[in-house]
Amino acid sequence: MEYNIRSFEKRKVAGFHLVGPWGSTVPQGFKQLSLWVQSQQVPAQEWIAVYYDNPDEVPPEKLRADAVVSVPEGFDIPDNSPGVILTEIPGGAYAVARARVYNDDYEAPWRQFITALQADAQYQIVPRPCLEVYLNCAEEDGFWEIDMYIPVEPNDRCFCMTAGKPARAGTS
């Protein structure tokens, strides 16, 4: 899977914190988020899922995620918004890949992306939340177009060739 490394600017986001199996909690969280955005006329900029846990290590009933929209600086949660959180997604370096998701099969592109990134000797995954940014509406298009974000940092254990000799990345 092709990806590139991008700097992600921090985002102020509002929405719902979810706990439980992502296959059910995340879609339900976005339904709830959509109703809230419409009823409160929230100036939603981007629709984002934030994933906090590794599903290979955390039991499904304990998986954490947020269904959120990015909002402008200075945004305050309107009255009559029970359960809504206002938080920030930190900025930093992320590996970013685009995928088209059919039949709600998000796992396949994520596994392909993670496998490709783990094979890259130049970068390593860091323990921060992963993101999905939704680029379209599946109800209209029949599929989801998403950008997947995985936080990374340069791999200081990477050996590169410099003047024909091995050298640690970041050294000359």
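Shown above is the structure to which this text applies.
Bear in mind the structure is a predicted one, so any value in this text is a computation, not a measurement. (Residues numbered from 1 in each chain as written. Predicted model: local features only at pLDDT ≥ 70, side-chain atom pairs only at ≥ 80, totals over all residues. Heavy atoms only, no water.)

Draft legend 1. Focus on the overall build of the protein. Looking only at helices and strands, the protein has three helices and eleven strands in total. Along its sequence from the N terminus, the protein presents helices and strands in the succession β-β-α-β-β-β-β-α-β-β-α-β-β-β. By its C-alpha atoms, the protein is 65 × 35 × 30 Å across when sized along the principal axes. Across the 172 residues that make up the protein, the buried fraction comes to 40%. Nonlocal contacts in the protein, meaning residues at least 24 apart in sequence, comprise 71% of its contacts between residues at least 6 apart. On the protein, roughly 10100 Å² of surface is accessible, and the fraction owed to carbon and sulfur atoms is 50%. Averaging the positions of the 14 positive and the 24 negative side-chain charges in the protein gives two centres separated by 7 Å. (Helix = DSSP H or I, 4+ residues; strand = E, 2+ residues; numbered from the N terminus. Buried < 20%, exposed > 50% of the residue type's maximum accessible area, 1.4 Å probe, protein only. Contact = heavy atoms within 4.5 Å. Areas by Shrake-Rupley, 256 points an atom, 1.4 Å probe, with all protein chains shown as cover. Lys, Arg positive; Asp, Glu negative; His and termini not counted. Charge placed at Lys NZ, Arg CZ, Asp CG, Glu CD.)

Draft legend 2. The arrangement of the packing of aromatic side chains in detail. For the coordinates displayed, the defined rule picks out twelve aromatic pairs. Ring geometry for Tyr 102 against Phe 143: centres 5.7 Å apart, planes inclined by 50°, an arrangement best described as tilted. Here Tyr 102, found in the loop between β6 (92-101) and α2 (107-118), pairs with Phe 143, found in the loop between α3 (138-141) and β9 (144-154); they are 41 residues apart in sequence, far enough to count as distant. Exposure remark for Tyr 102: the relative accessible area of 44% places this residue in the partly exposed category. Residue classification places Phe 143 among the buried residues on the basis of a relative accessible area of 16%. Across from the ring centre of Phe 143, 3.9 Å away, lies the NZ or CZ of Arg 100, which sits over that ring. (Phe/Tyr/Trp six-rings, centres within 6.5 Å; stacked < 30°, edge-to-face > 60°. Lys NZ or Arg CZ within 6 Å of the ring centre and 35° of its normal.)

Draft legend 3. Seen up close, the environment of Val 96. Looking at the element boundaries, Val 96 is found in strand β6. Linking Val 96 and Asp 76, residues 20 residues apart in sequence, is a C-alpha distance of 30 Å. If we skip the residues at most four places from it in the chain, Val 96 touches Tyr 3, Asn 4, Arg 6, Phe 113, Asp 147, Met 148 and Tyr 149.

Without other data, these values stay purely geometric and don't point to any function.
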